[in-house]
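Structural overview for review
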Amino acid sequence: MNQAYNPQSFQYDIAQNPGARPARDVAVSFKGLSKTYKMDRVEVPALKGVSGSIAKAATTFITGPSGSGKSTLLNLLGLLDRPTDGEMEILGEDVTKLTDKQAADFRAQHIGFVFQSFNLIPVLSLRENVEFPLLNRKMSWASRKTRALEYLEAVGLGDFVDRRPGEISGGQRQRVAIARALVSEPTLLIADEPTANLDTKTSREIVALMDRIKVELNTSVVICTHDTDLITPGSAIINIVDGQTAGEY
Amino acid sequence: MIWKIALRNIFKNARRSVTTALAIGIGGLAALLFGGFVTSIWYGVQTSMIQEQGNLQVYRNGYLEFGAANPDAYTIKDWDKVAALLAADPMLAENIAVITPRIDLAGVAGNAETGNSKTFIGTGIVPAEIDAMRGWDGWNIGQVAPVTGLAAGGQESVIVGLGMARLMGMCEALSVPNCQDAPVDASTLVVEEQDFTSLVGTEAGLADQGNGTEKPQLNVMAATSAGVPNIARVGIESAQAQAVRAIDNSFIMMHFEQARGLLYGDSQEATALMLQVADPAQVDAVKARVDAVMTEAGLDLSVYHFTEVDPTFDRIFGMFTFMFIVVSIVLSIVIVFTIVNTISMTIVERVKEIGTIRALGFRKGFVRALFLTESTMIGLIGALIALGSAILLSNVINAAGLQWTPPSNATPLTVQLMVLDNPTFAIGVVGTLVALSFLASVWPTFKAARLNIVESLQRA
Ligand SMILES: Nc1ncnc2c1ncn2[C@@H]1O[C@H](COP(=O)(O)OP(=O)(O)OP(=O)(O)O)[C@@H](O)[C@H]1O
Ligand SMILES: [Mg+2]
């Protein structure tokens, strides 16, 4: 995966051209993905055969009106849910037939999540929150701690490591969440409305933070938002309308 | 990290955690105190019985089954030689503190003054040896029985039950408290007086021998092994309450030699040999050895544990054990419901956290472990509360010196709640509380781990 990566470095390359798109290696490809929710006896088709791909080490924005199926697609990409139909490959691996345990292990290895409401564990300090996903790894206690600190410093929160999530601002919480998502150096970073709870200025900083890490970490960042102002120039965009792809750029 | 999360959530929900731990703690406290009482019964009642009967008793084969109907056919012949044989064995000599004979007898007793008479159930013992046995405290529980009070008196002194004294019209003479002599019914007395007079007359000069004291006199009559009525005049040393009313009403304790003379004349016969083993841990080994020695000598005798002869202890202990089990089951149900409630509330509050943890790639087992750790820790805290408060409270209660009289005893025992004296039990209660906390949360935590990730994340 991401050998010899120094997380400190991405703080300083923000000035570099963010629009530089690498060769379109594909991290995720999906074909005819559909998802139908069953509520009591009513069937709600949330996705109706969506196809597309996510480029490696690039940022992809998923846009579309409310209720169009953006979150549903992200949940499928993040292996949090199973498609009703369709195919999906991540890093060339067919992931639609993974068992529950395999899916969990795959997420632990390859996928990081950033949520709209941060979802930090309230009783853990910032450092412990960032360290938390590393419990899935065979790592020494000390190296877990060191790695968590590095990532907290990378998101600019090196001075707050011992605070609890309740003691910092929303924007800071989302930075911690990003550090937590990245600490296991995932292939795919999935963020569903990561800025919906933040003010405009902070939202831009958060998107910029996620956008700029893609090269160093060789991570594919998928951000779902309906605020099109946030879209970084040069990023890929998948537009979903009424459960179908309405455009891919 | 799991420990940290669990512990911090316990502190975060301090009130709920404390309530739950207290429920567990109070349940555990009740179990420990009641168990401590049952333990004290186990030691106390057995000690009482061992002080009275020894740990082991030797009988002629068949005595326990048929001896009551025909005691003379089931006596130990040459009991003194049997006792000597046992005492000569090095292992037994080392372990047995007292070997003493006993004769069980029954007959008719009459008040020499008033002519009142009634049947009696008697026991003939060697007072000095019984007094030695009554000092036994093999488990070091500080329980010693008062001496018989017979050792100082002569061969002819006896002790009667309080009821016996009352029925024989000797309340005043023996200064029995709360007792009025029964009204004398002249019409019935005449016949019995005649009976006795004629019998006493056959025993040359017995009535006149007296025993040289001012003790109230009693004529005791029993049938010899040959079936001939025999009579002795005894002096009542004191009246002592007996545990069972029916026995209290007819009880006479006399010197072994007195009883033997009455029943067997010069023949060295006894109903039983009572053996007191100094160290209760050695009882089974001693029993086996006694059995071996007697078998080797070709004796038609068997050795029994006192509980085999007298089921009182097993019954008392069984009753309290049963009560303990019922109480424990009720307490366990309450505890289980409390824990299920608490852990379910915790889970409901943290559904989103569960979804997050699962999204981060942790398997279901991690989620289960997280909440099981939390409930088990609450259980452990509750168990420690239980243990601490039980030690504290049992010391207070023990210091208060409350008394209770078990069904087997005439005299009360001091309540000593033995919480730590039976470490296996105390550890067992603590372990059970922790295990209950764990087991009670298995079902809720399995449900938590099975929650749909997407739906969990959608929670507010
Ligand atoms: N768990 C569910 N059960 C039933 N229906 C659902 C569930 N989740 C989503 N849906 C439905 O599926 C459709 C797509 O929902 P989805 O959350 O993917 O939309 P979205 O594009 O993310 O919307 P928004 O921008 O408001 O977040 C909607 O009609 C929604 O009501
Ligand atoms: Mg959505």
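Bear in mind the structure is a predicted one, so any value in this text is a computation, not a measurement. (Residues numbered from 1 in each chain as written. Chains lettered and ligands numbered in written order. Predicted model: local features only at pLDDT ≥ 70, side-chain atom pairs only at ≥ 80, totals over all residues. Heavy atoms only, no water.)

1. A short note on the overall build of chain B
Assigned secondary structure in chain B consists of 18 helices and 13 strands. Computed over the C-alpha atoms, the radius of gyration of chain B is 32 Å, more than 25% above the 23 Å expected from 2.2 N^0.38 for a compact globule of 460 residues. For chain B, the spread of C-alpha atoms along the three principal axes comes to 110 × 55 × 35 Å. For chain B, buried positions account for 50% of its 460 residues. Counting only carbon and sulfur atoms, one obtains 61% of the accessible surface of chain B, whose full area is about 20700 Å². Distance between charge centres in chain B, computed from 28 positive and 40 negative side chains, equals 29 Å. (Helix = DSSP H or I, 4+ residues; strand = E, 2+ residues; numbered from the N terminus. Rg over C-alpha atoms; globule rule 2.2 N^0.38 Å. Buried < 20%, exposed > 50% of the residue type's maximum accessible area, 1.4 Å probe, protein only. Areas by Shrake-Rupley, 256 points an atom, 1.4 Å probe, with all protein chains shown as cover. Lys, Arg positive; Asp, Glu negative; His and termini not counted. Charge placed at Lys NZ, Arg CZ, Asp CG, Glu CD.)

2. Describing the interface of chain B and chain A
Taken together, the contact between chain B and chain A spans 21 residues of the former and 26 residues of the latter. Together, the buried faces of chain B and chain A total about 2300 Å²; carbon and sulfur atoms form 62% of this surface. Applying the counting criterion to the chain B and chain A interface returns 5 salt bridges. Here Asp100 of chain A and Arg358 of chain B are joined by a salt bridge, their closest N and O atoms 3.0 Å apart. (Contact = heavy atoms within 4.5 Å. Buried area = accessible area lost by both parts, 1.4 Å probe. Salt bridge = Lys/Arg side-chain N within 4 Å of Asp/Glu carboxyl O.)

3. Some remarks on helix H6 (residues 200–217) of chain A
Residues and elements named next belong to chain A. For H6, with 18 residues, the first-to-last C-alpha span of 26 Å sits near the 26 Å given by 1.5 Å per residue. The set of residues buried in H6 consists of Thr202, Ser203, Ile206, Val207, Leu209, Met210, Asp211, Arg212, Ile213, Lys214 and Leu217. For H6, the elements touching its buried residues are strand E3 (59–63), strand E6 (111–114), helix H4 (141–154), helix H5 (170–182), strand E7 (188–192) and strand E8 (220–224). Where H6 begins, the capping side chain belongs to Asp199, and its oxygen is found 3.1 Å from the backbone nitrogen of Lys201. In the stretch just after H6, Asn218 is the one whose phi turns positive, near 55°. (Expected span 1.5 Å × (residues − 1). Polar contact = N/O pair within 3.5 Å; in protein donor to acceptor, adjacent residues only side chain to side chain.)

4. Observations concerning the pairing of strand E7 (residues 229–240) of chain B
Residues and elements named next belong to chain B. Here strand E5 (residues 157–161) runs beside E7; their pairing, made up of 5 bridges, is parallel. Its bridge partner being in E7, Val158 is matched across the sheet by Ile236. Sheet topology note: the strand E6 (residues 217–223)/E7 ladder contains 7 bridges and is antiparallel. Looking across to E7, one finds that Leu218 is bridged to Val234. As consecutive antiparallel partners, E6 and E7 are separated by 5 residues, and within that stretch Gly227 has a phi angle of approximately 90°, a positive value. (Pairing = 2+ DSSP bridges.)

5. Re the packing of aromatic side chains
All names here are of chain B. Under the counting rule described, the total for this entry stands at 19 aromatic pairs over all chains. Seen in terms of ring centroids, Trp42 and Tyr43 are 5.0 Å apart; in terms of plane orientation they differ by 85°. Their pairing is edge-to-face. The exposure class of Tyr43 is buried, given its relative accessible area of 16%. An aromatic cluster of at least three residues, connected via ring pairs, comprises Trp42, Tyr43, Trp136, Trp139, Phe313 and Phe317. (Phe/Tyr/Trp six-rings, centres within 6.5 Å; stacked < 30°, edge-to-face > 60°.)

6. Describing the domain arrangement of chain B
All names here are of chain B. Per the domain assignment, the segments making up chain B are domain 1 (2–46 + 314–458) and domain 2 (62–299). Placing the centre of domain 1 and that of domain 2 at their C-alpha centroids yields a distance of 52 Å. Across the domain 1 to domain 2 interface the summed buried area is about 660 Å²; carbon plus sulfur atoms make up 71%. Remark: the boundary between domain 1 and domain 2 carries 0 salt bridges. Taken together, the connections running from domain 1 to domain 2 amount to 1 residue pair in polar contact (both at pLDDT 80 or more). When residues in the side of domain 1 that touches domain 2 are grouped by element, the largest group, 4 residues, is from helix H2 (residues 14–53). Here the side of domain 1 that touches domain 2 is composed, by residue class, of 6 nonpolar, 4 polar and no charged. (Domains from an automatic or database assignment. Nonpolar A, V, L, I, M, F, W, Y, C, P; charged D, E, K, R; others polar.)

7. Some details on the sheet that holds strand E2 (residues 42–55) of chain A
Residues and elements named next belong to chain A. Pairing is antiparallel across the open sheet formed by 4 strands, whose spatial order is E2-E1-E4-E5. Each of the sheet's edge strands pairs with one partner strand only, and the pair in question is E2 and strand E5 (93–94). Sheet topology note: the strand E1 (residues 26–39)/E2 ladder contains 11 bridges and is antiparallel. In the strand pairing of E2, Tyr37 is matched with Val44. Running at roughly 120° to E1, helix H1 (residues 70–77) makes contact with E1, E2 and strand E4 (85–90) of the sheet. (Axes fitted to C-alpha atoms, helices over the stretch in contact; angles between N-to-C directions.)

8. Let's talk about the environment of Gly67 of chain B
Residues and elements named next belong to chain B. Turning to its location among the elements, Gly67 is positioned in helix H3 (residues 63–67). By relative accessible area, Gly67 is classed as buried at 0%. Separated by 204 residues in the primary sequence, Gly67 and Thr271 place their C-alpha atoms 9.1 Å from one another. Beyond its immediate stretch of four places on either side in the chain, Gly67 contacts Gly62 and Tyr74.

9. A few points about the packing of helix H14 (residues 312–349) of chain B against helix H17 (residues 423–450) of chain B
Residue and element names in this part refer to chain B. The N-to-C vectors of H14 and H17 enclose an angle of 40°; their axes lie 9 Å apart at closest approach. Taken together, H14 and H17 sit at an angle that is classed as oblique. The two elements H14 and H17 meet at a crossing, and its hand is right-handed. Each of Phe324, Ser332, Ile335, Val336, Ile339, Val340, Ile343, Ser344 and Ile347 in H14 lies in contact with H17, whose residues at this interface are Phe425, Leu433, Leu436, Ser437, Ala440, Ser441, Pro444, Thr445 and Ala448. In terms of residue class, the contact of H14 with H17 is built from 13 nonpolar, 5 polar and no charged. (Parallel < 35°, antiparallel > 145°, perpendicular 65-115°, else oblique. Left-handed = near helix turned anticlockwise from the far one by under 90°.)

10. Observations concerning the site of ligand 1
If you check the shell around ligand 1, you find 14 residues, and the closest are Ser66, Gly67, Lys70, Ser71 and Thr72 of chain A. The environment around ligand 1 is built from residues contributed by chains A and B. Contact between ligand 1 and Ser66 of chain A: an oxygen atom at 2.6 Å from a side-chain N or O atom of the residue. Between ligand 1 and Ser68 of chain A there is a distance of 3.2 Å, counted from an oxygen atom to a backbone nitrogen or oxygen. Its free accessible area being 630 Å², ligand 1 has 72% of it covered by the protein chains. Elements with a minimum of two residues in the shell around ligand 1: E1 and H1 of chain A. Examining the composition of the shell around ligand 1, we find that 3 residues originate from one element, H1 of chain A, more than from any other. (Near = heavy atom within 4 Å.)

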